[in-house]
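Chain by chain, the residues run as shown.
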Amino acid sequence: MKSSKGFTHEFVEFIPDTIEEGKIYVSIAYATTVHKCACGCGKEVVTPLSPTDWKLVFDGETVSLDPSVGNWSFPCRSHYWVCNDRAMWAEDWSQARIDANRAHDRRAKDKYYGVGERETLAAAPQKASWWRKLLPW
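Predicted model, so just to flag it, every value in this text is computed and none were measured.

A.B. asks: An account of helix α1 (residues 95-112) is needed here, citing residue identities and associated values.
C.D. replies: Compared with the 26 Å implied by 1.5 Å per residue over 18 residues, the 26 Å span of α1 between its first and last C-alpha is a close match. Just past α1, the residue G114 takes up positive phi, approximately 80°.

A.B. asks: Summarise the pairing of strand β8 (residues 79-83); cite the residues concerned and give the values.
C.D. replies: Inspection of the sheet shows strand β7 (residues 63-70) paired to β8 by three bridges, in the antiparallel sense. Among the inter-strand pairings, L65 is bridged to a residue of β8, identified as V82. By the bridge criterion, four bridges tie β8 to strand β9 (residues 86-89) in an arrangement that is antiparallel. If you follow V82 over to β9, its bridge partner there is A87. Counted between consecutive antiparallel strands, the loop separating β8 from β9 contains two residues, among which N84 sits at a positive phi close to 55°.

A.B. asks: Outline the pattern of salt bridges, supporting the account with residue identities and numerical values.
C.D. replies: Summed over all chains, the structure comprises five salt bridges. Residue R77 is joined to D92 by a salt bridge in which the shortest nitrogen-to-oxygen separation is 3.1 Å. Of this pair, R77 sits in the loop between β7 and β8 while D92 sits in the loop between β9 and α1; the two residues are 15 residues apart in sequence, bridging distant segments of the chain. The exposure class of R77 is partly exposed, given its relative accessible area of 25%. Between R97 and E91 there is a salt bridge, with the nearest N and O atoms lying 3.3 Å from each other. For R97, a relative accessible area of 42% gives the class partly exposed. For E91, a relative accessible area of 42% translates into the label partly exposed. Taken together, the shared-partner salt bridges connect E10, E20 and K23 into one network.

A.B. asks: Go over a nonpolar patch on the surface with me, naming the residues and quoting the values.
C.D. replies: A cluster of nonpolar side chains, contributed by F11, I28 and F58, occupies part of the molecular surface with about 300 Å² of accessible area. Looking at the secondary structure, you find F11 in strand β2 (residues 8-11).

A.B. asks: Explain the sheet that holds strand β3 (residues 23-27) to me, using residue names and the numbers behind them.
C.D. replies: Strands pair in a sheet through their backbones, by hydrogen bonds, and they do so in one of two ways: parallel or antiparallel. Across the sheet, four strands lie side by side as β2-β3-β4-β5; this open sheet has mixed pairing. Both outer strands of the open sheet, β2 and β5 (44-48), are each paired with one neighbouring strand and no more. Taking the axes of each pair of neighbouring strands and ignoring which way they run, one obtains an average angle of 20° across the sheet. With three bridges connecting them, β3 and strand β4 (residues 32-36) associate as antiparallel partners. For Y25, the partnering residue across the bridge sits in β4 and is V34.

Reading guide: rules and limits
- Residue numbers run consecutively from 1 along every chain, following the written order of its sequence.
- Totals for whole chains, interfaces and linings use all residues, but because this is a predicted model, local features are given only for residues with pLDDT of at least 70 and pairs of side-chain atoms are given and counted only at 80 or more.
- Only heavy atoms go into the side-chain values, all of them from the structure, while hydrogens and water stay out.
- Numbering of helices and strands runs from the N terminus; a helix is a DSSP stretch of H or I covering at least four residues, while a strand is a stretch of E covering at least two.
- In a helix, the anticipated span is given by 1.5 Å times the number of residues less one.
- Strands qualify as paired when DSSP identifies two bridges or more between them.
- We define a salt bridge as a contact between a side-chain nitrogen of Lys or Arg and a carboxyl oxygen of Asp or Glu at a distance within 4 Å.
- Only protein chains enter the accessibility calculation, which uses a 1.4 Å probe. A residue is then buried if its area is under 20% of the maximum for its type, exposed if over 50%, and partly exposed in between.
- Patch building starts from residues that exceed 30% relative accessible area and form no salt bridge, then joins like charges within 9 Å and nonpolar side chains (Val, Leu, Ile, Met, Phe, Trp, Tyr) within 5 Å.
- Only the protein chains shown count as cover for residues, and all accessible areas are computed by the Shrake-Rupley method using a 1.4 Å probe.
- Angles shown run from 0 to 180 degrees and are taken between the N-to-C directions of axes, each axis being a line fitted to C-alpha atoms and, for helices, limited to the stretch in contact.

Structure below.
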């Protein structure tokens with residue numbers, strides 16, 4: 001397991017054009033955090049804050065993000081938790097686990113934002129029985 005990497009954090013209204021290595025920028029106004037990947041590859045990591053994405057904890061001194069940050073589309077494929085201004089390394093995931101997690105995230109967003117059977121049936125009424133066609137109406 002890699003050793004943990006320290007971050008500093010900065011609360012900002014707008015994310016700056018230049019992201020400093022080792023700093024997590026937190027915009028409460030835009031419900032977003034941005035930092036450079038903890039592995040040192042230089043890629044920028046954006047973590048939107050929402051009920052279906054990441055949650056930010058500020059304990060008065062440090063920040064933590066939940067859930068873990070999995071940079072599966074980056075060449076480095078880094079995976080870590082941001083806990084008390086530190087990157088704590090986590091295990092690599094198989095592609096099957098990544099795909100399952102992405103599908104779970106999509107379902108959670110659909111459920112939270114009200115996309116479900118009614119919208120699905122309205123989008124494809126030709127496949128629904130006559131009474132199901134009336135359901136969205």
